[in-house]
Each structure stands twice: as structure tokens, then as C-alpha cells.
Amino acid sequence: MVSLKPHLCSLLESLPSSPISKERLDNLVRKALDESKNTCAAEISKTQWEYLLKDNILTLAATEGTALKTNPEEYYTRLQDYLELVLVFTEHVDACEQTFPFTVLQDLLEVQTIASCSKIFSWIELRASRLTEGMVPQKGKALILLRTLNDLLRRLSKMGNNTIFCGRILTFLSGVFPLGERSGVNLRGEYGPMWERVSSVGRTAAQESDIEMKLDSEQKQDTSDAVQTDKMQVDPPKVPTPTTEERKEEFYNIFWSLQLPFSRPPLFAQPQTYQEFKDAVIKVLPIIKEATAKERAMMGSRSSSSGTNGLKRKREPEEGTNNNDYFFAKFLTSPDLLDLEIADTHFRRQFLFQLLILLNHLLNFTKAAKATWHTPRNRSLQIEFTLEEDEAQWVQEIVVKVMEELRQTTPNGRTFADTVNAVLERDKNWVRWKNELCTPFDKEPWAEEVNGEQVGLLAATKPIRDKLREPPADWKWSHGTAALSEIWSLGFRDLRDLENVPSSGSVQTFLKKSQLEDRRIALREQFLEKTRVKAAAAAAETPVVPAPAALPEVSKPEGTTTTTLAAPKPLPIGHSPLHPSLPPKPGTPSKLASSSQESPKPANVPANPVVPTGPSTSGTPVPPPAATPVDPIIAAHEENKHRWAWLALRTARDQYIQHFGKIGTGDLVKLAHEIEQEKNGVKDNDGVDLPMGDENGCASPSIAPENAEDKMAE
């Protein structure tokens, strides 16, 4: 020890002012270790360094009282520098053991005040990554760290005003240890200290002897009374009314007797415990409820009385209460204090919270609940007790009453009750986890076997994501969906066409619409004719330009003839896939060839133009006449006629398809005439009924009329 102390003193003197960088401190520690190599043997080098460093820190900790009065900041700075030095020594493999910082912290936290412990724990939070490097749960330095912080939590629980500090410690532990770590779990189901009965508290020895003498005298009196009753019949003695003191004493004993099952739930395995507990709760709850109602009435009277005077502010319960104004490290069981404790809101809340914890625990022992966990997993948490149906119903009713009583307390009763409910729901999950022996509930990362190798989600879904990035194929439906494409092919162009969809057999309706389109076309042609006449008259009034000299007439060469072009025959309608006699769907280039559906001929175009078929005199071919432009309005009306004709034929194909062979190519007038004749029973020119047509619309004279329906069915 003496051989290494000069090196440590030299190291401490060479420390720069705080904060010290890790690189510089590493160099100083390495230099001190190199200088002390030949001073002592390597086998005892670690032990000597650990002893000197720990002694140096504890020597500084002994001056805490004086340092906090003079210069607390300098004391905490030096303490953190020394702890930093211990950590750096540990990070050198041959200098100190890996558990050395935690043993130093354990001893240091035991001798420091709570304020100093908070400062030390702040340093632990800053160096958490370096302290817990390579730490394995349930062994080594992890156990020392857990034991150190649990001891610190136990100290803080006795103070009552360090809730934030306790939360920091629990948060640190939850971050350092895994969520499913069982080190801090009470797997064996051990309970706290046994509650000491208080039935004799408040009585002196003389009072106890007086009570015993009184009981003996009453027993003797009862014996003599029994002897007298054998001789003659007398009235039963009157039961004396208990005095106020006796009632207080009885309530005192009943109230504090509930703490025994609170601290030791396995007592319910005894047959008489549940009934005693039930009787005690029934007697205590009305007193608690009466105290709560009295307090609310007092708060209301204070508010009303203060509100009568307009110059005073209305007194209301404060919403934000300070948690430091109440804390019960241990219940005070003096009989003289019970009335004052019952009148305190915080005391009643603590008692009701205890009652709720026990009631929720009892609900785990119903027949249905025990069936879920009644396995030989963790027998230490199970007791031989079953809650019957009527008993479970009573427990549920008491839970509802206690929760309502918590909501009625002031201040912030509803908030407090909701918080208690959330805590109890979480506790149920933790109890179930403990009953299942803390089975791990964290899931492994998702993996899938691809080509004999386990790959993660990103690699397994790469082909799917690559396929999603490819440009989509052309959509097979021209108008979005199959239904919309079919509706469009049927001739519907806007919503107005869908408002009044014609029913089956309404050919007359389509004929009227087609005739209406014919009238609109005629009116448009008249308008265009008038426009052309006006244009010709205006052209006649303009000055005449002399025509160029006529070319000399050239004799026609031999073999040249002049032919007259006949009017072009109407093109046949393209066959529909529904029936050969149906016209093409709207939108196709072909037009109806019927007389009612031919486009009008321009007035200035001759019916049979003469076109020379032979070669021209100039040797160049004569171009054909230019096509007359079609008026767009007339073309729209023609398209509408085409649509009405197609819809009419499609509507009549199921019922009147036998007439399609007679009407030519889509003649609606003739189709309507044939349908009208069939309805009126008109016969043909020979006076016989019209025969049924075959599937192509042609007459089938070889089929007898009586077999026509059979043929149609086929």
C-alpha cells in the first residue's frame, strides 16, 4: 500500500481542473501504471490500487458535513473527479476489477445524505453507457448495481418527499436491464412484516385486570341466574346499551384488525378469516362514507358562506395540491388519534386504496380465475382458497362502492380514482406474468428462410418491392371498369341517358326519339340552305370579274369514254356480335343505310356527276371532286339516331327477334310496324299467320306452327 501511495498522490496532484477530458485522464492513468510496474508484484497490484482509490473517496466523503457548509460545489466537483478516476482505472484491464466502481458506489451511497446521493446518481446517469458496458444481467456487476439502487430506493421510501428521485432510479433501471428481467421480481411471493395486533393498545395493566374481573363477575352472575331460572320462570335480562366509549373502542379494534389481512393475504385460507373480514368491512365503510359526506358539506358551507359577501373571494378546494403536506411512514395507532385520522382525506384514501388492492387480489381466486392459472408453475403465489359465487358478487359490489367513495373525496377525487384504477389494471398483468414464472414476452425479429438462409424483412420483401416499382401494364378496360365499358358500348354517353332507361319492348319510344332527330336535322338543313342562299345573293351583287379565255376544244382521243357515276350504294351495316342483324355499336365508322338514316346530300352537288374515265388532255390525272364538309350539328344528330336505333334493336332482340329478317338493316319504322301487326294479330298477304323465323331472321316454312315454340326453345 505504501509503495503505490506516492504514485496515487502524484496522479491526484496532476489532475487538471474540471471538467477533465477522457483522453487526458487516460494518459495520466497509463503513465501512473507504467511508473508503478516495478514497485509491487502484479498479483497484488489490483488489490492495492482498489484499496487506495476507495480509501481516497471515502476520506473525502467523511468531510461532507463541513464541505456542504463552506463550499458544496467544490466538494461535489472533487467527488465526481475521483469517481471518474475510478472508472478510468477499471477500463484498464490490468488495473482494477470490472465490479470495482459499483462496490465503491455502494459504500459511498450508504454514507452520504440524500442530497449528495442525488448528485452521485446524476454522475451515474451520465456515465451509464461506460458503467454498463458488457454487463450481463443476473451476474457480476449487474447484481451489485441492482442491490445498490434497491437499497437507495428503500432509504428514499422512508422519507416520503423524494418521488422524483425514486422515478429517476426506476427509469434508469428500466433502461439498463431488459424489460423481462426477473432480478427485481418477488418470485417466491414473500410478504412484508406481519401486522402487530393493536387490540390491547391504549389500555393499561389496571384496565386489563378490571376487564378480567368484570368478566369473571358476569360469568358468576350468569351461573347464579341459571340456577334461579330452574326454580321459576323470569323475564330475560335487558341487554345494556353500549356507551360512546365502548362504541369507539369497538370501532377502533375492528378498523385496525383489517390491517392483518392487508399484510398477510394467505390468512384467507383459514375458514373464519373471510367472514371476519366481511363483517369488519361492512362496519367500517359507513363510517368512512359519513366522514367524506361531512367533509364535502363543510366545503360547501364554506363556499356558500364566503360567497354571501361580495367583497370576499369564493373559497374553493385547490386543484393543485402539494404531495409533501402528507406522508405516513407508518400508521399511528393511538386510540385518541383515530377520529382525527378518519377526518383526514389522505388517510381515508390510503385505507381505501389498501382495501381495493386486497379485493382485486381476492378476485383472482374465483373458480373461473383459478382455472386459468391453476398449474404447477408457481405454487408460492397460490393459496388454498376459493371465492364462491355469492362471495365474489359481494366483493364486486364493495369494489364499486370503494371506487365511488374515492371519487367523492376532495380534492381531485375523480383524478385520484382514475389513477388508482389504472394502477390496479397494470398490476393484474404483472401478477399474471409472475404466476407464469416471468415467461419472456419480447419477440424475435421477423425472419424468413430464403434459399436455405434466414433473412430479415428488408431482404425477404425486395422482389415484391422491385415489382411494385415497375410501371403498371395497360388497363384492359377502356373506360375504367368492365361495367362502365359495357355501358359505354351500349350507347350511353352521360347521366341523362341513365335516368330513364327504356324497358323491354319500348321500340316505339326509340322510334319517336329517332324521328325527333330527323326533324332536328331537317330544321338544320333549312337553316343552312337559307344561309347559302343569302351568301349567293351577296355574291351576285359584287362586280363580275371577266372570266379567262376558254381553252380550245380538244378532240377526245380514241378509247376515251364519258361515264356517268351512279349514286353510291349504302354500305351494309357491320354485323353485331349480339345478332347478325343488329347494327354496329355507336362509335364505329359505318352508318345506317336505311332511308331514314342517310345523311342529307348537299343541294349543289348533282346526283350523278359525270367523271371522265380516260386520260386528260394535259396528260395529268383529273382529281376526284372534293368532299363536302359535314356540319357538326347534323353529325351529332346522326350519331344520336344511330344510338337510338342500336338501343331499339338491342331491346327488341329478345322478344321480337323473329322480325329482324324482314326489316332489312336496322329500319326502325318497319320494325315498329311489324311489332304493331303482331300485337294486333294482322296476317300476311296470303291470309296465314306470320311464320316464326329461324335464328338468322329468315322464314322456316319447313317448321310447322305447332313446333315453332319448340324450335325457339332449342
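Cut-offs applied
Residues numbered from 1 in each chain as written. Predicted model: local features only at pLDDT ≥ 70, side-chain atom pairs only at ≥ 80, totals over all residues. Heavy atoms only, no water. pLDDT = per-residue confidence, 0-100. Contact = heavy atoms within 4.5 Å. Phe/Tyr/Trp six-rings, centres within 6.5 Å; stacked < 30°, edge-to-face > 60°. Helix = DSSP H or I, 4+ residues; strand = E, 2+ residues; numbered from the N terminus. Buried < 20%, exposed > 50% of the residue type's maximum accessible area, 1.4 Å probe, protein only. Lys NZ or Arg CZ within 6 Å of the ring centre and 35° of its normal. Core = buried A, V, L, I, M, F, W, Y, C linked by side-chain atoms within 4.5 Å. Expected span 1.5 Å × (residues − 1). Polar contact = N/O pair within 3.5 Å; in protein donor to acceptor, adjacent residues only side chain to side chain.

Asks: Just checking my understanding: could you explain the confidence of the model for the protein chain for this structure?
Replies: Predicted coordinates in areas of low pLDDT are best not read in detail. Confidence in the prediction for the protein chain averages 74 pLDDT; 70% of positions are at 70 or higher. In the model, residues 201-206 has pLDDT below 50 throughout and makes nine contacts with residues more than four positions away in sequence or in other chains. This stretch, residues 589-619, has a pLDDT under 50; its non-local contacts, to residues over four places away or in other chains, come to 55 contacts.

Asks: Which parts of the structure should I look at to understand the packing of aromatic side chains?
Replies: How two aromatic rings sit relative to each other is given by the distance of their centres and the angle of their planes. Counted according to the given criterion, the structure contains 19 aromatic pairs. Ring centres of Phe-251 and Phe-255 lie 5.9 Å apart, and the angle between their planes is 35°; this geometry places the pair in the tilted category. Here the residue Phe-251 and the residue Phe-255 both occupy positions in helix 12 (residues 244-257), the gap between them amounting to four residues, near one helical turn. The residues Phe-251 and Phe-255 share a single accessibility class, namely buried. Between Tyr-274 and Trp-394 the ring centres are 6.1 Å apart and the planes differ by 85°, which places this aromatic pair in the edge-to-face class. Residue Tyr-274 is located in helix 14 (residues 271-307), and its partner Trp-394 is located in helix 18 (residues 389-408); the two are separated by 120 residues in the primary sequence. Exposure class is identical for Tyr-274 and Trp-394. Each is buried. Taken together, Phe-251, Phe-255, Trp-256, Phe-262, Phe-331, Phe-347 and Phe-351 form an aromatic cluster joined through their ring pairs. The ring centre of Trp-488 lies 4.2 Å from the NZ or CZ of Arg-493, which sits over that ring. Between Arg-643 and the ring centre of Trp-644, over which it is positioned, the NZ or CZ distance is 5.8 Å.

Asks: In this structure, what is going on with the nonpolar core? I would like to understand it.
Replies: Taken as a class, soluble globular proteins show a tendency for nonpolar side chains to be buried jointly. The biggest cluster of nonpolar side chains holds 60 residues, and the ones touching the most others in it are Phe-89 and Ile-169. In this structure Ile-169 touches Phe-121, Leu-149, Leu-152, Leu-153 and Leu-156, once residues within four positions along its chain are discounted. In this structure, Ala-280, Val-281, Val-284 and Phe-385 belong to the second largest nonpolar core, which totals 47 residues.

Asks: How should helix 16 (residues 345-362) be read in this particular structure?
Replies: For an α-helix, 3.6 residues make a turn, and residues three or four places apart therefore share a direction. Between the first and last C-alpha of helix 16 there are 26 Å, a value that for 18 residues agrees with the 26 Å anticipated at 1.5 Å per step. The opening residue of helix 16 is Asp-344, an N-cap whose side-chain oxygen sits 3.4 Å from the backbone nitrogen of His-346.

Asks: Mind showing me how you'd approach unusual backbone geometry here?
Replies: In terms of backbone geometry, most residues other than glycine have negative phi values and most peptide bonds are trans. Along the chain, Thr-410 connects to Pro-411 via a cis peptide bond; the corresponding omega equals 0°. As for its placement among the helices and strands, Pro-411 is situated in the loop between helix 18 and helix 19 (413-435). One non-glycine residue with positive phi stands out, namely Asn-412, at about 55°. Looking at the element boundaries, Asn-412 is found in the loop between helix 18 and helix 19. Asn-412 sits in the partly exposed class, given a relative accessible area of 27%. Within the chain, Asn-451 stands out as a residue other than glycine whose phi angle is a positive 55°. Locating Asn-451 in the fold gives a position in the loop between strand 1 (448-450) and strand 2 (453-455). Residue classification places Asn-451 among the exposed residues on the basis of a relative accessible area of 80%.

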